[in-house]
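One-letter residues, chain by chain:
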Amino acid sequence: MLRIAIQAKGRLNEKTMALLADAGISASVGSRSLIAHAKGFPVDLLLLRDDDIPQAVAMGTADIGIVGLNEVEEKNVNVEQVMNLGFGGCRLSLAVPREANYKDLKWFEGKRIATSYPGILSRFLSQNSINAEIHTITGSVEIAPAIGMADSIFDIVSSGGTLVQNGLIEVLSVLESQAVLIATPNISPEKREELDKLCFRFRSIIESRGMKYVLMNLPKTSLEEALNILPGMKSPTVLHLADPNWLSLHAVIPESQLWEKIEELKGIGAEDILVLMLENIVK
Ligand code: PRT
Ligand code: ZN
């Protein structure tokens, strides 16, 4: 039975539980328990702080884990990165006070940088031959320059709002991160088989995210034009209707292009357009 380490509470917990639920894995997690037995797939959930997940997976305490790439890179332990999970997106960036006269990386020479990610930062600084003082602090890194604890920071940025609020400017993104699925090195063949099944479920869920299933009625004479409007997508499904002058067209369209494509399809006579949510794309 696979044991999967996930964040007990925090930013990744809810989306991790949602991904597991979409994959048919449900667990009732008590607020105090460390382990939960799941239904729907032979897996136990190990609920940990995100900082402890890379190590737990590297040691084999858990066979697999879901955690931010930033934590995996920071802990620098031996784990297999199995797949990106498409949520928890953020970046680890260097930021300086707004009034700093920043031109390039040399600015950091001899400066004090506050961070919760000393491992990634020290590797980056040595690759770029910069000598700076790293001040490791946990939590509220962004206030360090204002209270005189540091000249600059290296921290997680998502919308950038926190930096602005603290009078800081992002000057360089060092690592793009998102939640990733990791596995213990030398996982047994039996567990690898279970992991492959789980990845198959995750992949079909992730691929269907951001896609919509669209059905419409279309004059038969517009079919050629409709196929040109939907290029690059697999050939849409065309069904005959009782009225020989009309067809029913079904297509999968990325959400980002949905309204633009619908307007174009309406322009060539499409009617009764239905947009449906897509739960899975099983390949
Ligand atoms: O208790 P535990 O140790 O498990 O959790 P934690 O408090 O260490 O981590 P948590 O739950 O805050 O974050 C878990 C993971 O979420 C991180 O390791 C990242 O991989 C990911 N993530 C995604 C983020 C953010 N986005 C994010 N915005 N983690 C933190 N932030 C912080 C950021 O540091 C900033 O201070 O949120 C603040 C707001 O960011 P802006 O730029 O949107 O203003
Ligand atoms: Zn943490």
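Placed above this text is the structure.
First things first, this report covers the structure right here in the doc. (Residues numbered from 1 in each chain as written. Chains lettered and ligands numbered in written order. Predicted model: local features only at pLDDT ≥ 70, side-chain atom pairs only at ≥ 80, totals over all residues. Heavy atoms only, no water.)

What links the strands of a sheet is backbone hydrogen bonding, and the strands pair in either a parallel or an antiparallel sense. Taken in spatial order, the 5 strands line up as β8-β7-β9-β6-β10 in an open sheet, and their pairing is mixed. With one partner strand each, in any of the chains shown, β8 (133–136) and β10 (168–177) form the two edges of the open sheet. Averaged over all neighbouring strand pairs, the angle between strand axes comes to 25 degrees, with direction disregarded. Along the sheet face, helix α4 (residues 118–127) touches β6 (90–97), β7 (112–115), β8, β9 (152–157) and β10 and points at about 170 degrees away from the line of β8. (Pairing = 2+ DSSP bridges. Helix = DSSP H or I, 4+ residues; strand = E, 2+ residues; numbered from the N terminus. Axes fitted to C-alpha atoms, helices over the stretch in contact; angles between N-to-C directions. Contact = heavy atoms within 4.5 Å.)

Our next topic: the sheet that holds strand β11 (residues 179–183). Strand order in the open sheet formed by 6 strands is β2-β3-β1-β4-β11-β5, and the pairing between neighbours is mixed. At either end of the open sheet lies a strand with only one pairing partner, and these are β2 (35–37) and β5 (80–84). Neighbouring strand axes in the sheet, compared pairwise and without regard to direction, differ in orientation by 25 degrees on average. Where strand β4 (residues 64–68) lies against β11, 5 bridges are found, and the strand directions are antiparallel. Bridging across to β11, G68 finds its partner in A179. Most of the contacts of helix α1 (residues 13–22) go to strand β1 (residues 2–7), to which it runs at about 145 degrees, and overall it touches β1, β3 (43–48) and β4. Of the strands in this sheet, β1, β4, β5 and β11 are in contact with helix α6 (residues 189–208), which crosses β5 at around 25 degrees.

Once that is clear, we can look at the environment of M17. Here M17 lies in helix α1. Separated by 155 residues in sequence, M17 and L172 have C-alpha atoms that sit 32 Å apart. Ignoring anything within four residues of it in the chain, the contact list for M17 reads I6, A27, V29 and L45.

Where helix α8 (residues 258–267) is concerned, the buried positions are L258, K261, I262 and L265. Buried residues of α8, viewed axially, fall in a sector of 100 degrees; they line one side. Exposed and facing more than 90 degrees away from the buried side of α8 are W259, E263 and G267. Elements that come into contact with the buried residues of α8 comprise β12 (211–219), α7 (223–229), β14 (246–254) and β15 (271–277). Trailing α8 by a residue or two, G269 shows a phi angle of about 100 degrees, which is positive. (Buried < 20%, exposed > 50% of the residue type's maximum accessible area, 1.4 Å probe, protein only. Arc of directions from axis to C-beta.)

Looking at the largest pocket, its volume works out to about 1,200 Å³. Contributing to the lining of the largest pocket are 41 residues, with R11, D50, N70, Y117 and I156 lying nearest its centre. Put simply, the parts of the chain that give the lining of the largest pocket at least two residues each are α3 (69–75), β9 and α5 (161–165). If one sorts the elements of the lining of the largest pocket by residue count, α3 sits on top with 4 residues. Here the lining of the largest pocket is built from residues that sort into 12 nonpolar, 18 polar and 11 charged. (1 Å grid on protein atoms, 1.4 Å probe; cavity = no way out; pocket = protein on both sides within 12 Å on 5 of 7 lines; lining within 4 Å. Points joined across faces, edges and corners; volume = space filled by probe spheres on them. Nonpolar A, V, L, I, M, F, W, Y, C, P; charged D, E, K, R; others polar.)

Taken together, 22 residues are adjacent to ligand 1, and R11, D51, N70, S159 and T162 come closest. A distance of 2.6 Å separates an oxygen atom of ligand 1 from a polar atom in the side chain of T162. Starting from 840 Å² of accessible surface for ligand 1 in isolation, the protein chains cover 77%. More than half of the atoms of ligand 1 fall within 2 Å of the grid points belonging to the largest pocket. Mapped by element, the contributors of at least two residues to the shell around ligand 1 are β9 and α5. (Near = heavy atom within 4 Å. Polar contact = N/O pair within 3.5 Å; in protein donor to acceptor, adjacent residues only side chain to side chain. Areas by Shrake-Rupley, 256 points an atom, 1.4 Å probe, with all protein chains shown as cover. Sits in = over half its atoms within 2 Å of the grid points.)

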